[in-house]
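As a plain string of letters, each chain reads:
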Amino acid sequence: MSDIVLTTLNAKYAHASFGLRYLLANLGPLRERGVILEFEINQKPLDVVEAILAREPKIVGVGVYIWNAEQALRVVADLKRIRPELIVVLGGPEVSHETDRQEITALADFVITGEADISFADLCERLLAGRRPLTKIIPAALPEFIAKASAGQSGVVSPARTLALPYDLYDEQDIANRVIYVEASRGCPFKCEFCLSSLDVPVRNVQLETFLPAMDRLFSRGVRHFKFVDRTFNLNLSFSRSILDFFWQRYEPGLFLHFEMIPDRLPEALREPIRRFPAGALQFEVGIQTFNEDVAERISRRQDNARLSDNLRFLKQQTGVHVHADLIVGLPGEDVDSFATGFDKLVALGPQEIQVGILKRLRGTPIVQHDAEWGMVYSPHPPYEVLQTKQMPFATLQKMRRFSRYWDLFANSGNFRLTTPLLWAAGDSPFRTFFSFCDWLYERLGRNHAIALPTLAESLFGYLVGERSADAPAVAESLWRDYQRGGRSDRPEFLKPYIPEPDRSARKRALEEVAMKRQARHLG
């Protein structure tokens with residue numbers, strides 16, 4: 001039995017909850033009285049409730065995020081119906097803003113807004129001692145990675161304000177089967193209005209003297225895939241370089257590091273250590289969002305597009321970094337032509353993946369100030385995507401959603417790395433030609449999900465040969481090379497007239513040496 005249950009619903013089993021581990025690590029004397037119970041969003045809420053109540057807790061802390069808000073509401077509602085005396089505490093970005101407008105916060109006993117790592121422990125201590133706070137909404141005191149002197153007590157350090165790192169709470173099953181999240185900093189210096197990070201306090205870095213030994217312990221336990229959740233990993237160059245040097249000293253085949261990078265900040269001091277890593281070892285998530293400078297200024301986004309372009313060319317031409325670049329559809333004042341110009345520019349720069357995201361109105365973000373002027377209409381349901389704007393009516397945004405999904409299936413997946421560019425091989429606009437292909441494909445399939453790989457391949461073949469008058473044997477050869485990229489050797493029926501019986505072993509052997517399958521399909 002556990003007095004304190006920490007729980008959330010993850011998007012997938014592989015996504016271990018970083019936040020819950022931080023909460024447990026910082027419970028202090030109460031740590032042995034707490035337990036983490038993780039679930040997935042596709043589980044039945046009543047099954048989740050049953051598992052929680054089986055622990056006979058006094059306090060349940062629930063992490064609420066945009067991807068689990070609806071499921072978390074059902075879980076909390078049923079918990080309070082069955083056990084009204086159970087104390088339910090909410091936390092997470094979804095309930096940290098517009099708290100008074102949400103059904104789930106009305107049902108809960110307490111809501112901690114902001115970074116709850118320390119404040120949750122303080123609240124639990126009071127509740128278990130019978131000292132119930134008078135206020136329901138509890139703004140979290142800002143935790144620090146580094147102990148600091150308490151105000152008014154010269155030289156006296158307050159350890160209660162200092163974060164304990166959670167990495168020893170990843171167990172052997174986590175290490176074997178799940179994404180291992182780590183962070184070297186919190187906060188963001190930028191004020192992009194669509195992002196919750198625009199509300200963050202200034203960036204705070206961990207102490208490398210404690211962080212790097214924690215990473216070394218994870219590495220010694222077998223972790224080879226590290227996903228850094230820092231918003232701006234390359235903000236402090238000497239700090240970033242120290243971390244890259246640490247991992248380079250331990251490099252071995254299979255090591256994979258994911259970082260979120262500021263796109264226009266990559267000086268030589270950071271380029272040099274990046275060059276060392278072989279192809280497939282580093283992945284950079286690069287938030288570009290828009291190339292339209294008027295739109296960027298409107299949403300308070302600072303970005304030097306010339307330096308950004310130079311950095312992407314460097315990463316493409318001189319490193320083995322896998323670049324995942326983001327663009328946003330539906331920003332206030334951006335129309336299809338503007339987005340197309342930016343998309344084509346990004347395709348020419350050659351990132352391995354382009355994530356086409358639909359603008360979301362995250363709770364608390366100042367993007368809402370543009371609603372009236374630019375006709376912004378958002379869904380009231382998670383994930384709060386924009387439904388229409390003055391420049392993009394609903395029908396257009398629906399087509400852009402399909403564009404995003406099909407681009408992920410054909411281009412980002414790496415399954416058609418050679419063949420997808422044939423759509424614009426004659427110098428046409430990548431956006432316009434792929435947009436037309438999406439219309440053609442949706443008209444025939446009527447869906448953008450649950451499409452088997454052979455169906456995708458045959459559709460691309462049919463469009464290129466039938467609609468674009470491409471040479472059938474050449475397209476078949478390109479598709480066959482793509483089809484084998486993931487180690488597949490079965491010839492789709494439509495390719496058999498053009499492709500002889502294959503050698504099934506060579507590509508498979510090559511792929512066995514690469515750490516991440518999706519990234520491996522983008523390699524030559």
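Quick summary incoming for the structure in this document. (Residues numbered from 1 in each chain as written. Predicted model: local features only at pLDDT ≥ 70, side-chain atom pairs only at ≥ 80, totals over all residues. Heavy atoms only, no water.)

Before going further, it helps to spend a moment on helix 16 (residues 453-466). For helix 16, with 14 residues, the first-to-last C-alpha span of 20 Å sits near the 20 Å given by 1.5 Å per residue. Every buried residue of helix 16 is accounted for by L453, L456, A457, S459, L460, F461, Y463 and L464. Buried positions along helix 16 lie against helix 14 (394-412), helix 15 (430-445) and helix 17 (472-483). (Helix = DSSP H or I, 4+ residues; strand = E, 2+ residues; numbered from the N terminus. Expected span 1.5 Å × (residues − 1). Buried < 20%, exposed > 50% of the residue type's maximum accessible area, 1.4 Å probe, protein only. Contact = heavy atoms within 4.5 Å.)

Considering all chains together, one arrives at 37 aromatic pairs under this definition. A ring pair is formed by F246 and F247, whose centres lie 5.0 Å apart and whose planes are at 85°; its orientation type is edge-to-face. Here F246 matches F247 in class, with each residue buried. For R224, the ring lying beneath its charged end belongs to F219, and the centroid distance is 3.7 Å. Lying over the aromatic face of Y483, R488 brings its terminal NZ or CZ to 5.2 Å of the ring centre. (Phe/Tyr/Trp six-rings, centres within 6.5 Å; stacked < 30°, edge-to-face > 60°. Lys NZ or Arg CZ within 6 Å of the ring centre and 35° of its normal.)

With that settled, the discussion passes to the sheet that holds strand 4 (residues 87-91). The strand order across the open sheet built from six strands is 2-1-3-4-5-6, with neighbouring strands paired in parallel fashion. Pairing within the sheet leaves two strands with one partner each, and these edge strands are strand 2 (34-40) and strand 6 (137-139). In this sheet, adjacent strand axes meet at a mean angle of 20° when their direction is disregarded. Sheet topology note: the strand 1 (residues 4-10)/strand 2 ladder contains seven bridges and is parallel. (Pairing = 2+ DSSP bridges. Axes fitted to C-alpha atoms, helices over the stretch in contact; angles between N-to-C directions.)

Along the chain, T113 falls in strand 5 (residues 110-113). The contact partners of T113, leaving out residues within four places of it in the chain, are V95, S96, T99, I137, I138, P139 and A140.

With that settled, consider the packing of helix 14 against helix 15. The axes of two packed helices give the description: the angle between them and the distance between them. Their axes nearest at 9 Å, the elements helix 14 and helix 15 cross at an angle of 95°. Taken as axis vectors, helix 14 and helix 15 run roughly perpendicular relative to one another. Facing K399, M400, R402, F403, Y406, W407 and F410 of helix 14, the residues of helix 15 in contact are F431, F434, F435, F437, C438, D439, L441 and Y442. Each residue belonging to the contact of helix 14 with helix 15 can be placed in one class, and the counts come to twelve nonpolar, no polar and three charged. (Parallel < 35°, antiparallel > 145°, perpendicular 65-115°, else oblique. Nonpolar A, V, L, I, M, F, W, Y, C, P; charged D, E, K, R; others polar.)

With that settled, the discussion passes to the sheet that holds strand 13 (residues 322-329). Strand pairing in a sheet is mediated by backbone hydrogen bonds. Such pairs are either parallel or antiparallel. The parallel open sheet is built from six strands, whose spatial order is 7-10-11-12-13-14. Each having just a single partner strand, strand 7 (180-182) and strand 14 (353-358) make up the two edges of the open sheet. When strand polarity is set aside, the average angle formed by the axes of neighbouring strands in this sheet is 25°. Examined bridge by bridge, strand 12 (residues 282-289) and strand 13 share six bridges and lie parallel to one another. Its bridge partner being in strand 13, E285 is matched across the sheet by H324. Packed onto the sheet, helix 7 (residues 208-220) meets strand 7 and strand 10 (225-228) and runs at close to 145° relative to strand 10.

This brings us to the pattern of salt bridges. Applying the stated rule across the entire model yields 36 salt bridges. Close ionic contact of R83 with E85 constitutes a salt bridge, the shortest N to O distance being 2.6 Å. Of the residues examined, R83 reaches a relative accessible area of 21% and is grouped as partly exposed. Residues E115 and R204 are paired through a salt bridge, measuring 2.6 Å at the closest nitrogen-oxygen approach. A residue pair is termed long-range when its members are at least 10 positions apart, and E115 in the loop between strand 5 and helix 5 (119-128) and R204 in strand 9 (residues 204-205) qualify at 89 residues. (Salt bridge = Lys/Arg side-chain N within 4 Å of Asp/Glu carboxyl O.)

Let us look at a negative patch on the surface. Among the surface-exposed residues, E293, D294, E297 and D304 lie close enough to one another that they form a single negatively charged patch. Mapping E293 onto the fold places it in helix 10 (residues 293-298). (Patch = residues over 30% accessible without salt bridge, like charges linked within 9 Å, V, L, I, M, F, W, Y side chains within 5 Å. Areas by Shrake-Rupley, 256 points an atom, 1.4 Å probe, with all protein chains shown as cover. Lys, Arg positive; Asp, Glu negative; His and termini not counted. Charge placed at Lys NZ, Arg CZ, Asp CG, Glu CD.)

Within the secondary structure, R402 is located in helix 14. Among buried Asp, Glu, Lys and Arg side chains, R402 stands out as unpaired, with D439 the closest opposite charge at 5.2 Å. Sequence-distant contacts of R402, that is, excluding residues within four places in its chain, are made with C438, Y442 and N448.

Next up on the list: helix 14. With 19 residues, helix 14 should reach 27 Å at 1.5 Å per residue; the first-to-last C-alpha distance of 25 Å fits that figure. A bend of about 25° at Y406 is the largest found in helix 14. The first or second residue beyond helix 14 is G414, which carries a positive phi of 80°. (Bend = angle between axes of the 7 residues up to and from the residue.)

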